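Examining the three-dimensional arrangement
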Amino acid sequence: MLKNLKEFKLPEIEEEVLRFWKSHGIKEQAMAKNAGKKKFVFFEGPPTANGMPGLHHQLARSFKDIIPRFKTMQGYDVPRKAGWDTHGLPVEIQAEKELGFKGKDDIEKYGIAEFNKKCKELVWRYKKEFETTTTERLGFWLDTTHPYITYENSYMESLWWIIGQMDKRKLLYQGHKVVPWCTRCGTALSSHELAQGYKEVEDTSVYVKFRVKKGQKIGKKFVADNNTYILSWTTTPWTLPGNVALAVGEKIEYVLLKSGDEVLVTARQRVATLFPDAATVAELGIVNGKDLVGLKYEPLFNVKALQNKKSHQVYGADFVTTTDGTGVVHTAVMYGEDDYALGTKVGLPQHHTVNEQGHFTKEVKELAGMYAKSGKAEMAILDYLVKNNNLLKTEKYKHEYPHCWRCDTPLLYYARTSWFVAMSKLRNKLIANNNTVNWLPAHIKDGRFGEWLKDVKDWNFSRARYWGTPLPVWRSKDNKIQRVVSSLADFKTYGHLSGNTYTGIRHGEATHNVQQKNAGGS
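Figured I'd write up the structure that's included with this text. All of these numbers come straight from a predicted model, not from anything done at the bench. (Residues numbered from 1 in each chain as written. Predicted model: local features only at pLDDT ≥ 70, side-chain atom pairs only at ≥ 80, totals over all residues. Heavy atoms only, no water.)

**Quick look at the overall build of the chain**
When you go through the chain residue by residue, the secondary structure sums to 18 helices and 20 strands. Counting only C-alpha atoms and orienting by the principal axes, one finds that the chain spans roughly 95 × 75 × 50 Å. Within the chain, residue pairs in contact and separated by at least 24 positions form 74% of the contacts whose partners lie at least 6 positions apart. For the chain, the exposed surface amounts to about 27400 Å²; the carbon and sulfur share of it is 53%. Computed over 76 positive and 58 negative side-chain charges, the inter-centroid distance for the chain is 5 Å. (Helix = DSSP H or I, 4+ residues; strand = E, 2+ residues; numbered from the N terminus. Contact = heavy atoms within 4.5 Å. Areas by Shrake-Rupley, 256 points an atom, 1.4 Å probe, with all protein chains shown as cover. Lys, Arg positive; Asp, Glu negative; His and termini not counted. Charge placed at Lys NZ, Arg CZ, Asp CG, Glu CD.)

**Quick look at the packing of helix H4 (residues 55-73) against helix H8 (residues 127-136)**
The geometry of H4 relative to H8 is characterised by a closest axis approach of 10 Å and an angle of 50° between their N-to-C directions. Taken as axis vectors, H4 and H8 run oblique relative to one another. Here His57, Gln58 and Arg61 of H4 lie close against H8, whose contacting residues are Phe130, Thr133, Thr134 and Thr135. Tallied by class, residues from the contact of H4 with H8 come to 1 nonpolar, 5 polar and 1 charged. (Axes fitted to C-alpha atoms, helices over the stretch in contact; angles between N-to-C directions. Parallel < 35°, antiparallel > 145°, perpendicular 65-115°, else oblique. Nonpolar A, V, L, I, M, F, W, Y, C, P; charged D, E, K, R; others polar.)

**Thoughts on unusual backbone geometry**
Note that the residue after Leu440, namely Pro441, is joined by a cis bond; omega there is -5°. For His312, which is not glycine, the phi dihedral falls at a positive 55°. Inspection of the secondary structure puts His312 in the loop between helix H12 (289-292) and strand S13 (314-316).

**Topic: the pairing of strand S16 (residues 412-421)**
Within S16, 8 of the 10 residues are buried, which leaves it mostly tucked inside the rest of the structure. Across 10 bridges, strand S3 (residues 172-182) lies against S16 in antiparallel orientation. The residue of S16 that forms the bridge with Val179 is Tyr414. Bridge count for S16 against strand S17 (residues 459-460) is 2 bridges, and the pairing is antiparallel. Pairing of Phe420 across the sheet is with Asn460, part of S17. (Buried < 20%, exposed > 50% of the residue type's maximum accessible area, 1.4 Å probe, protein only. Pairing = 2+ DSSP bridges.)

**Details of a nonpolar patch on the surface**
A contiguous nonpolar surface patch, about 470 Å² in accessible area, is contributed by Phe42, Leu59, Phe63, Ile66 and Ile67. Turning to its location among the elements, Ile67 is positioned in helix H4. On the basis of relative accessibility, which here comes to 34%, the residue Ile67 falls in the partly exposed class. (Patch = residues over 30% accessible without salt bridge, like charges linked within 9 Å, V, L, I, M, F, W, Y side chains within 5 Å. Salt bridge = Lys/Arg side-chain N within 4 Å of Asp/Glu carboxyl O.)

**A word on the packing of helix H5 (residues 89-99) against helix H7 (residues 112-122)**
Where H5 contacts H7, the axes come no closer than 9 Å and their chain directions differ by 110°. As the angle between them shows, H5 and H7 are arranged roughly perpendicular. For the pair H5 and H7, contact is made by Val91, Glu92, Gln94, Ala95, Glu96, Glu98 and Leu99 and by Phe115, Lys118, Cys119 and Leu122, respectively. Residues belonging to the contact of H5 with H7 are distributed by class as follows: 6 nonpolar, 1 polar and 4 charged.

**What to know about the packing of aromatic side chains**
Applying the stated criterion across every chain yields a total of 21 aromatic pairs. A centroid spacing of 5.1 Å and a plane angle of 75° characterise the contact between Trp21 and Trp141, whose relative ring orientation is edge-to-face. Here Trp21, found in helix H2 (residues 10-24), pairs with Trp141, found in the loop between H8 and strand S2 (143-149); they are 120 residues apart in sequence, far enough to count as distant. Chaining the aromatic ring pairs together yields one cluster made of Trp84, Trp124, Phe130, Tyr151 and Trp467. The ring of Trp141 is capped by Arg69, whose NZ or CZ atom sits 4.0 Å from the centre of that ring. (Phe/Tyr/Trp six-rings, centres within 6.5 Å; stacked < 30°, edge-to-face > 60°. Lys NZ or Arg CZ within 6 Å of the ring centre and 35° of its normal.)

**Describing the nonpolar core**
Of all hydrophobic cores here, the largest spans 62 residues; its most connected members are Ile218, Ile230, Tyr254, Leu292, Val354, Phe360 and Leu385. Tallying contributions element by element places helix H14 (residues 375-387) first for this core, with 5 residues. Once residues within four sequence positions are removed from consideration, Phe360 is found in contact with Trp238, Pro241, Thr353, Val354, Leu367, Ala368, Gly369, Met370, Ala372, Ala377 and Ile381. (Core = buried A, V, L, I, M, F, W, Y, C linked by side-chain atoms within 4.5 Å.)

**Here's the deal with the state of the cysteines**
For the coordinates displayed, the defined rule picks out 0 disulfides. Cys185 provides the cysteine sulfur closest to Cys119, a residue in no disulfide bond, and the two sulfurs are 12 Å apart. Unpaired in terms of disulfides, Cys182 finds its nearest cysteine sulfur in Cys407, a separation of 3.5 Å. Under the relative-accessibility criterion, Cys182 is labelled buried at 0%. (Disulfide = S-S within 2.5 Å.)

**Brief notes about the pattern of salt bridges**
All chains considered together, the criterion is met by 24 salt bridges. Glu15 is the partner of Arg137 in a salt bridge, and the nearest nitrogen-oxygen pair spans 3.6 Å. You can see Arg137 sitting in the loop between H8 and S2 and its partner Glu15 sitting in helix H2, a full 122 residues away along the chain. For Glu15, a relative accessible area of 34% translates into the label partly exposed. Connected through salt bridges with shared partners, the residues Glu92, Glu96, Arg184 and Arg465 form a single ionic network.

**A few points about the side chain of Arg270**
Its location among the elements puts Arg270 in the loop between strand S11 (262-267) and helix H11 (271-274). For the buried Arg270, which has no salt bridge, the nearest side chain bearing the opposite charge is Asp324, at an N-O separation of 6.3 Å. A polar side-chain atom of Arg270 sits 2.8 Å from the main-chain carbonyl oxygen of Gly325. In this structure, Arg270 is in contact with Thr322, Thr323, Asp324, Gly325, Thr326 and Gly327, ignoring residues within four places of it in sequence. (Polar contact = N/O pair within 3.5 Å; in protein donor to acceptor, adjacent residues only side chain to side chain.)

**Brief notes about the environment of Ser311**
Inspection of the secondary structure puts Ser311 in the loop between H12 and S13. For Ser311, a relative accessible area of 6% translates into the label buried. Taking the C-alpha atoms as reference points, Ser311 and Lys296, 15 residues apart in sequence, are found 8.4 Å from one another. With residues near it in sequence (within four places) discarded, Ser311 still touches Val244, Leu306, Leu348 and Pro349.

**Observations regarding the sheet that holds S3**
Pairing is antiparallel in the open sheet, where 4 strands are placed in the order S4-S3-S16-S17. Because the sheet does not close on itself, it has two edges, and the strands there are strand S4 (187-188) and S17.

**Some details on the environment of Arg125**
Among the structural elements, Arg125 can be located in the loop between H7 and H8. The partly exposed category is assigned to Arg125, whose relative accessible area is 38%. In this structure, the C-alpha to C-alpha distance between Arg125 and Thr48, residues 77 residues apart in sequence, is 9.7 Å. Apart from residues no more than four positions distant in its own chain, Arg125 is found in contact with Ala49, Gln94, Glu98 and Lys118. Polar contacts involving the side chain of Arg125 include one to the side chain of Glu98, which spans 2.7 Å.

Structure (structure tokens):
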């Protein structure tokens, strides 16, 4: 018995089966026998061959191979077309590392065409290993002779056609919104990508004292003096130079507290947490949030572009809670979705105090040039608040914070112009279609996937990078006419878009030979 087991050599048996399949054309026969019958198409998500194949490739392909085999046995015509995923940031980041680049500026100095040439070389580095190890040797049936390749014009034209269909259905739009932004990669992330990079971190949370302008009435009895402050809380101190408003809940009760020579305003429910030693404060009175609306306060930082008639005052908002903090939300409209929505509604100034590389602009004189998420900038902000008597206290705060899944850089929620697909318009149809799916395990249907569909967000799909499909959107110079090019043939229909009449949108991903003058870019 043991002797027989020793003679049982699985690798040799596998190789014998593979030789038999190859010599008798078994794969080709299986694919041809149902030709002309009803098709079943199940192309795998193609690999990128810029790195060695790993166990995860083997595992996924083992599972995915089951479905086409099963449908072939059911009598369907099942094409087994191979594919190569060649575009995207993972390839760009590898190219940057090998070239010693730190960011997009280095790429543009080097030359986008040369950089893309380097990317194109990288995506074939381990092609042989993928074809032998994770395809032939695994027994994964694929037609590798005629693969689709994502950098080829034929493939990119198919994407242009899809974008054209989005436009025809009025689902494609350019919007200025707060998006998760990677300062290292210089690109926004979709909600799906965002979910891949959350980490538990310990940040410094800051309780800030905003000085109310003297002489304003708070409620029926109290008038603010030079030492009256509204307390607010933030876990992102870097956004404080961009503060333009404070938000309160109009139905929340707020208390005026005497603390030494100062009067501090905070939500009544938060007093015990903020001041565990009750003897350090004395209650002067209680007001509702609506009594605080309209109060003006002094800016923390002197950024002229953030100051107008609507800025640096208190507004009512339905997103304010007393779960944590002070029941008062510090509002920097360029760095938060709720903040941006409130700012747009009431007309607050929209101006960045941090650039796309994550550094404070020169307008913030005390912090100019510092990286916003650095310890150096944080200490400088805290020192500034102490110096100006705007700091109540700090605490360490553990929470989940999103990082770029490609380069591990902490993301910034950052308002900028991007291109979106209006998935929210399709929410009801998506939910209805999901109800027809037989999910295994069943709880995913109404659980993780169902909950995601209920709150589906518009898809931010422009990347402002280089090695990828350019967005085929063109506008007249006066912005009155917009054309979405669905194919190269469309250029003949619309005329010479790269001439004097039209210019290409520069919020897509630039690429190589498919692009016309101005057809893509960063």
